[in-house]
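# Structural overview
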Amino acid sequence: MEKQELIEVNNEIERINDRVANIERIASTIEDLAEKGVEAFVKHMDHKEETQQKELELDNAKHQREVDLENIIHKRSVIIVGATVLGVFALVFTAMLLSEKELVKTILTSSLAVGAGFGIKSALNKPKGSKQTI
């Protein structure tokens, strides 16, 4: 009887060993999957960070181009307004030297009328659709 019990105990031990081996294999597989999952997550986060950095650089470059364009437009506006004022001043000064008071009045009223029609205020202000930068 002892042999029979010993065989049964050995069979039970083998089944337990097989189960433990299966559990160890499953645990190893889960560990490998967890490592691969962490690696994939880290790669995803790195890629996301790189993409955000590139988008930020593109936004900064776009903003810089907009600022440069606004500066060019402002510079042109200042030059045009300055040249116009200088021209009107030269005409008025010349008319005053020639003692033509009526011509001075005509030049000034014409200049103001043209300025109002042209929209001096709109020439000095930003267009309505532009963003205000700080």
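Keep in mind the model is a prediction, meaning the values are calculated, not measured.

## Regarding the overall build of the protein chain
A tally of regular secondary structure across the protein chain gives 3 helices and 0 strands. Mapped from its N terminus to its C terminus, the protein chain presents α and β elements in the order α-α-α. Within the protein chain, the proportion of its 134 residues that are buried is 5%. Summed over all atoms, the accessible surface of the protein chain reaches about 12300 Å², with 63% contributed by carbon and sulfur.

## A closer look at the pattern of salt bridges
Following the criterion strictly, the structure yields 1 salt bridge and no others. The shortest N-O distance in the salt bridge between Arg-15 and Glu-12 comes to 2.0 Å. Taken together, the positions of Arg-15 and Glu-12, both in helix α1 (residues 2-97) and 3 residues apart, correspond to about one turn of that helix. Classification of Arg-15 as partly exposed rests on a relative accessible area of 47%.

## Some points on unusual backbone geometry
Positioned with a positive phi, Ser-99 is a non-glycine residue whose angle comes to about 60°. For Ser-99, the position within the fold is in the loop between α1 and α2 (101-118). Residue Ser-99 is classed as exposed on the basis of its relative accessible area, which comes to 60%.

## Thoughts on α1
For α1, built from 96 residues, the straight-helix expectation of 142 Å at 1.5 Å per residue is met to within 8% by its first-to-last C-alpha distance of 140 Å. Residues of α1 that are buried: Val-67, Val-92 and Ala-95.

## Overview of a negative patch on the surface
Residues Glu-31, Asp-32, Glu-35 and Glu-39 make up a contiguous surface patch of negative charge. Tracing the sequence through the fold places Asp-32 in helix α1. Judged by its relative accessible area of 38%, Asp-32 falls in the partly exposed class.

## Topic: the packing of aromatic side chains
Tallied over the entire structure, the rule returns 1 aromatic pair. Relative to Phe-93, the ring of Phe-89 lies with its centre 6.1 Å away and its plane at 20°, an arrangement referred to as stacked. Here the residue Phe-89 and the residue Phe-93 both occupy positions in helix α1, the gap between them amounting to 4 residues, near one helical turn.

## Focus: the confidence of the model for the protein chain
Interpretation of the predicted coordinates at a detailed level should be avoided for regions scoring low in pLDDT. Mean pLDDT for the protein chain: 86, with 87% of residues reaching 70 or above. When pLDDT is averaged over each helix and strand of the protein chain, the minimum, 63, is found for helix α3 (residues 120-124) and the maximum, 91, for α1.

## Regarding a nonpolar patch on the surface
On the surface, Val-38, Phe-41, Val-42 and Met-45 cluster together into a nonpolar patch covering about 370 Å² of accessible area. With respect to the secondary-structure elements, Phe-41 resides in helix α1.

Definitions and limits used
- Residues numbered from 1 in each chain as written.
- Predicted model: local features only at pLDDT ≥ 70, side-chain atom pairs only at ≥ 80, totals over all residues.
- Heavy atoms only, no water.
- Helix = DSSP H or I, 4+ residues; strand = E, 2+ residues; numbered from the N terminus.
- Buried < 20%, exposed > 50% of the residue type's maximum accessible area, 1.4 Å probe, protein only.
- Areas by Shrake-Rupley, 256 points an atom, 1.4 Å probe, with all protein chains shown as cover.
- Salt bridge = Lys/Arg side-chain N within 4 Å of Asp/Glu carboxyl O.
- Expected span 1.5 Å × (residues − 1).
- Patch = residues over 30% accessible without salt bridge, like charges linked within 9 Å, V, L, I, M, F, W, Y side chains within 5 Å.
- Lys, Arg positive; Asp, Glu negative; His and termini not counted.
- Charge placed at Lys NZ, Arg CZ, Asp CG, Glu CD.
- Phe/Tyr/Trp six-rings, centres within 6.5 Å; stacked < 30°, edge-to-face > 60°.
- pLDDT = per-residue confidence, 0-100.

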